[in-house]
Amino acid sequence: MTKTFVLIGVALTALAGCSSTSDEPSTRERFLKDWRAVDADAFVNDDAALGYLKNYCQSLAVGTPATPDEIDRVVASYCTTDLAIELGVTTLPPVGDGIDEDAFRAEAIERFQIGVPESDGSAIDAVAFARTLCAGDVTDMIATLGDDFAGSFQELALSTFCPDKLP
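Residues numbered from 1 in each chain as written. Predicted model: local features only at pLDDT ≥ 70, side-chain atom pairs only at ≥ 80, totals over all residues. Heavy atoms only, no water.

Caption draft 1: Local environment of the overall build of the chain. A count of helices and strands for the chain gives 8 helices and 2 strands. Ordering the α and β elements of the chain from the N terminus gives α-α-β-α-α-α-β-α-α-α. Looking at the chain as a whole, 32% of its 167 residues are labelled buried. Excluding contacts between residues fewer than 6 apart, the proportion of contacts in the chain whose partners are at least 24 apart in sequence is 64%. As presented, the chain carries roughly 9,700 Å² of accessible surface, and 53% of it is formed by carbon and sulfur atoms. (Helix = DSSP H or I, 4+ residues; strand = E, 2+ residues; numbered from the N terminus. Buried < 20%, exposed > 50% of the residue type's maximum accessible area, 1.4 Å probe, protein only. Contact = heavy atoms within 4.5 Å. Areas by Shrake-Rupley, 256 points an atom, 1.4 Å probe, with all protein chains shown as cover.)

Here it is as structure tokens:
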């Protein structure tokens, strides 16, 4: 199966010229070689493969994939490398001290069914998902939810992980 991406507004081609100064292949070169060794037809070009790496690594921060294939395993192995950082893979905001993550996960499942595994085995991690909300536009989030914000998962997440962002 071919995984293709339309990368709108992302100029990954500017990054294509980056290479190592030693005889060792760069992380970028190793990644491109590794995915081609698994399935040379998996992506339409190098930029699509690099875009997939960025998106896949970002998604791993908030959940687990249903059934990763061989390409996904190769991609995941590069999520903590300098290449991922170069492509803009970001880390989640740090968790505050004293937060009982297990209790938060239990409440998220009980009240909102967030974290319940899907039929394909994939699941979102309620803590990681909640932490990503702290990086979003809270004003827009509250406006979008309107009266539904009170008592929502978003309110629980923000009040738990970044209460300073609440109005």
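Caption draft 2: Spatial organisation of the environment of aspartate 102. The residue aspartate 102 is located in helix α5 (residues 101-112) in this model. Measuring from C-alpha to C-alpha, the distance between aspartate 102 and valine 127 comes to 8.7 Å, with 25 residues separating the pair along the chain.

Caption draft 3: Layout of the nonpolar core. Membership of the largest hydrophobic core comes to 21 residues, with the highest contact counts inside it found for Phe31, Trp35, Phe43, Leu53, Ile71 and Val75. Elements with a minimum of two residues in this core: α1 (27-39), α2 (46-60), α3 (70-76) and α4 (82-87). Residue contributions to this core peak at 7 residues, all from α2. Within the second largest apolar cluster, 17 residues are counted, among which are Ala108, Leu133, Leu158 and Cys162. (Core = buried A, V, L, I, M, F, W, Y, C linked by side-chain atoms within 4.5 Å.)

Caption draft 4: Inspection of unusual backbone geometry at higher detail. One non-glycine residue, glutamine 113, adopts positive backbone phi at about 60°. Within the element layout of this structure, glutamine 113 appears in the loop between α5 and β2 (123-124).

Caption draft 5: Expanded view of the pattern of salt bridges. As enumerated under the stated definition, the model contains 7 salt bridges in all. The partner of arginine 73 in a salt bridge is glutamate 70, with the nearest N and O atoms 3.1 Å apart. Highlighted residues: arginine 73 and glutamate 70, both in helix α3, separated by 3 residues, approximately one helical turn. Using a relative accessible area of 45% as the deciding quantity, one classes arginine 73 as partly exposed. Across the pair arginine 105 and glutamate 101 runs a salt bridge whose closest N-O atoms are separated by 3.6 Å. One end of the pair is arginine 105 and the other is glutamate 101, both in helix α5 and 4 residues apart, which spans about a single turn. A single salt-bridge network, built from bridges that share partners, covers Glu101, Asp102, Arg105 and Asp125. (Salt bridge = Lys/Arg side-chain N within 4 Å of Asp/Glu carboxyl O.)

Caption draft 6: Main features of the state of the cysteines. Scanning all chains against the criterion turns up 2 disulfides. One disulfide bridge connects cysteine 57 with cysteine 79, the sulfur atoms lying 2.0 Å from each other. Looking along the S-S bond of the cysteine 57-cysteine 79 disulfide, the torsion reads about -85°, which is the left-handed sense. Residue cysteine 57 is found in helix α2, and its partner cysteine 79 is found in the loop between α3 and α4; the two are separated by 22 residues along the sequence. The buried category is assigned to cysteine 57, whose relative accessible area is 6%. Cysteine 134 shares a disulfide with cysteine 162; S-S distance 2.2 Å. Here cysteine 134 and cysteine 162 share a disulfide; its torsion about the S-S bond, -95°, makes the bridge left-handed. Linking cysteine 134 in helix α6 (residues 126-134) with cysteine 162 in the segment after α8 (153-161), this pair joins segments that are 28 residues apart in sequence. (Disulfide = S-S within 2.5 Å.)

Caption draft 7: Here's a closer look at the packing of α5 against α8. Relative orientation of the contacting elements α5 and α8 amounts to 165°, with a least axis distance of 11 Å. By the criterion of interaxial angle, the relationship of α5 to α8 is roughly antiparallel. Considering how the two elements wind past one another, α5 and α8 form a crossing that is right-handed. Residues Phe104, Glu107, Ala108, Arg111 and Phe112 of α5 touch α8, and the partners they reach there are Phe153, Leu156, Ala157, Thr160 and Phe161. Its residues placed into classes, the contact of α5 with α8 shows 7 nonpolar, 1 polar and 2 charged. (Axes fitted to C-alpha atoms, helices over the stretch in contact; angles between N-to-C directions. Parallel < 35°, antiparallel > 145°, perpendicular 65-115°, else oblique. Left-handed = near helix turned anticlockwise from the far one by under 90°. Nonpolar A, V, L, I, M, F, W, Y, C, P; charged D, E, K, R; others polar.)

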